[in-house]
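Now for the letters of each chain:
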Amino acid sequence: MLVPTTMKPVPQNQQQSLVERLTKACGGSYSPETRRKYFITGPQWAAAYQGQALFHAPTRAAIGYEDVIREYAKIGIGYWSTHDTDVIPTAALGKDGQHEIVAGIKKSLAEHGLKCSMVTTETFHHAVWAASPAAESPNVRDYAAFRVKNTVDIGYELGAEFAVYWPGSLGYYVQGAVEETQTLKWYAETLNAACEHDIEMGRKHDRPTLKHCMEAKPFEPQAEILLPTSDAMLAFIGSGLLTHPEMVGLNPEYLHELMWGAAPRAVLARALLAGKLWHFDINDGYRLKHDVDIAVGLVNPLDWLNVLMLLRSHGYNGPFNLDYKPPRTTSNHGVFAVSFPTAVDRFITLWEMAGEALADPIINEASEALKAGGEGAHGNDADAIAASNAELLSLHELIAHRLVQILWGTGRTYSV
Ligand code: 3MF
Ligand code: MG
Ligand code: MG
């Protein structure tokens with residue numbers, strides 16, 4: 001809405017307080033104690049994202065893990081997750097430098113009362129991954145195996161329960177350049193190396209192994225992807241290529257599934273049925289567009305309500321990982337004053353609302369009636385069966401209407 005502005009230009013030193021005052025005026029925020037009751041995990045890379053992209057320069061200053069952990073603690077985000085190279089320079093991986101940094105992270109987490117929930121290996125940014133982590137060259141694949149095993153070690157060190165693998169551009173820029181079945185076999189070997197190392201570590205440290213979760217993304221701006229969807233990954237897990245398929249599950253990302261035009265709720269349903277929904281990256285965005293990583297509920301709140309109803313009704317108790325990118329227009333201050341607290345609060349409200357929707361008497365009576373079905377027709381008479389259910393089926397649309405009503409505050413109307 002364009003309205004003629006009567007406001008005077010806002011001096012720089014008054015902008016933060018204006019943003020804070022208006023954020024507070026929105027209301028609807030939860031206390032850090034309440035926020036900590038949910039298994040909400042904050043990635044290092046999300047908060048430290050500087051706003052750069054293919055055509056875009058950074059808009060925010062670099063920040064380290066100390067800042068992120070401290071600010072997450074203030075907000076009430078109880079868990080932290082990281083890529084290896086978010087915190088450890090590539091050249092220091094597996095060396096003394098790594099041990100010093102990991103010790104510093106442990107101290108920071110303990111000081112602020114956070115836990116490390118998940119570790120993940122960056123197999124996409126560095127030049128070494130130009131031909132993917134499952135490249136033809138054996139030295140690249142040996143290096144990939146070193147990296148995932150080293151991430152398992154970091155996970156043990158920090159007490160993580162989950163390891164996530166987003167393979168990045170696992171595929172090709174030009175058709176015919178790689179042989180797909182061979183590439184997938186090589187990719188499986190890397191995951192096998194991670195699981196086998198984990199089993200050894202588990203024995204040594206007398207603790208359960210990590211849950212290894214694959215994350216699919218249908219397209220990157222520059223490559224064709226061999227495992228583009230969660231369903232492709234389920235097939236891969238069941239393909240016989242993995243030595244420990246029972247240790248490998250999924251980390252679907254809401255937007256990654258929306259990006260290829262799927263219904264995220266249906267994707268999650270298939271993962272639930274396979275017993276592989278272990279971790280969930282939460283964000284929002286648009287169908288058939290880039291991976292814009294908008295914060296949860298800012299684009300599709302109704303769809304999110306539906307997703308959370310499904311997860312609640314199936315007792316999903318894994319992490320909700322805030323894998324989004326504060327927009328380039330948000331400042332370093334805004335990342336922690338606006339972006340993260342409001343994302344967490346929308347998630348909590350949607351989660352609680354999903355509980356309310358599941359208990360809603362209208363929705364329940366309608367669902368039960370649909371399951372009871374229409375009376376009076378059995379057997380092989382298709383016309384009679386259709387007629388016996390015809391009036392009941394209007395309840396589908398009524399259920400959708402009721403969900404929208406719940407979303408905007410049941411029965412809200414205007415006096416016009
Ligand atoms: C890319 C992603 C990744 C993965 C991360 C976890 C940078 O679109 O979603 O975030 O979630 O690599 O392994
Ligand atoms: Mg993700
Ligand atoms: Mg993403």
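Analysis parameters
Residues numbered from 1 in each chain as written. Chains lettered and ligands numbered in written order. Predicted model: local features only at pLDDT ≥ 70, side-chain atom pairs only at ≥ 80, totals over all residues. Heavy atoms only, no water. Helix = DSSP H or I, 4+ residues; strand = E, 2+ residues; numbered from the N terminus. Rg over C-alpha atoms; globule rule 2.2 N^0.38 Å. Buried < 20%, exposed > 50% of the residue type's maximum accessible area, 1.4 Å probe, protein only. Contact = heavy atoms within 4.5 Å. Areas by Shrake-Rupley, 256 points an atom, 1.4 Å probe, with all protein chains shown as cover. Lys, Arg positive; Asp, Glu negative; His and termini not counted. Charge placed at Lys NZ, Arg CZ, Asp CG, Glu CD. Salt bridge = Lys/Arg side-chain N within 4 Å of Asp/Glu carboxyl O. Pairing = 2+ DSSP bridges. Axes fitted to C-alpha atoms, helices over the stretch in contact; angles between N-to-C directions.

Student: Quick rundown of the overall build of the protein chain? Include the residues and the values.
Tutor: Scanning the protein chain from terminus to terminus reveals 16 helices and ten strands. Against the 2.2 N^0.38 benchmark of 22 Å for 416 residues, the protein chain shows a C-alpha radius of gyration of 24 Å, consistent with a compact globule. Overall size of the protein chain, expressed as C-alpha extent along the three principal axes, is 70 × 70 × 45 Å. Split into buried and exposed, the 416 residues of the protein chain put 47% on the buried side. Contacts in the protein chain between residues far apart in sequence, at least 24 positions, make up 77% of those at least 6 positions apart. Working note: accessible area of the protein chain is about 20,900 Å², and carbon and sulfur atoms make up 57% of it. Of the side chains in the protein chain, 34 bear a positive and 47 a negative charge, and the two mean positions are spaced by 7 Å.

Student: Mind laying out the pattern of salt bridges, listing which residues take part and the relevant values?
Tutor: Under the defined criterion, the tally for this structure stands at 15 salt bridges. Between Glu157 and Lys106 there is a salt bridge, with the nearest N and O atoms lying 3.9 Å from each other. Residue Glu157 is found in helix α7 (residues 138–158), and its partner Lys106 is found in helix α6 (residues 96–112); the two are separated by 51 residues along the sequence. Among the residues examined, Glu157 registers a relative accessible area of 41% and is labelled partly exposed. Within the structure, one salt-bridge network assembled from shared partners comprises Asp67, Arg70, Glu71 and Lys74.

Student: Which residues make up the sheet that holds strand β6 (residues 211–214), and what values do they have?
Tutor: Spatially, eight strands are ordered β8-β6-β4-β3-β2-β1-β10-β9 in an open sheet, and the strand pairing comes out parallel. Two strands bound the open sheet, and with one partner strand each, they are β8 (248–250) and β9 (280–281). The pairing of strand β2 (residues 79–83) with strand β3 (residues 115–120) spans five bridges and is parallel. From the neighbouring strand, Trp80 faces β3, where its bridge partner is Cys116. Lying on the sheet, α7 is in contact with β2, β3, β4 (162–165) and β6; it crosses β3 at an angle near 180°. Contacts from helix α9 (residues 230–237) reach β6 and β8 within the one sheet, and its direction differs from that of β8 by about 170°.

Student: An account of unusual backbone geometry is requested, with residue identities and associated values reported.
Tutor: In this structure, Ser132 takes a positive phi of about 80° despite not being glycine. One can find Ser132 in the loop between β3 and α7. Under the relative-accessibility criterion, Ser132 is labelled buried at 2%. Positive phi outside glycine occurs at Asp206, with the angle close to 50°.

Student: Could you give an account of the pairing of β2, naming the residues involved and the relevant values?
Tutor: The element β2 is largely enclosed, with a buried count of four among its five residues. Bridging between strand β1 (residues 40–43) and β2 involves three bridges; their strand directions are parallel. Bridging across to β2, Thr41 finds its partner in Tyr79.

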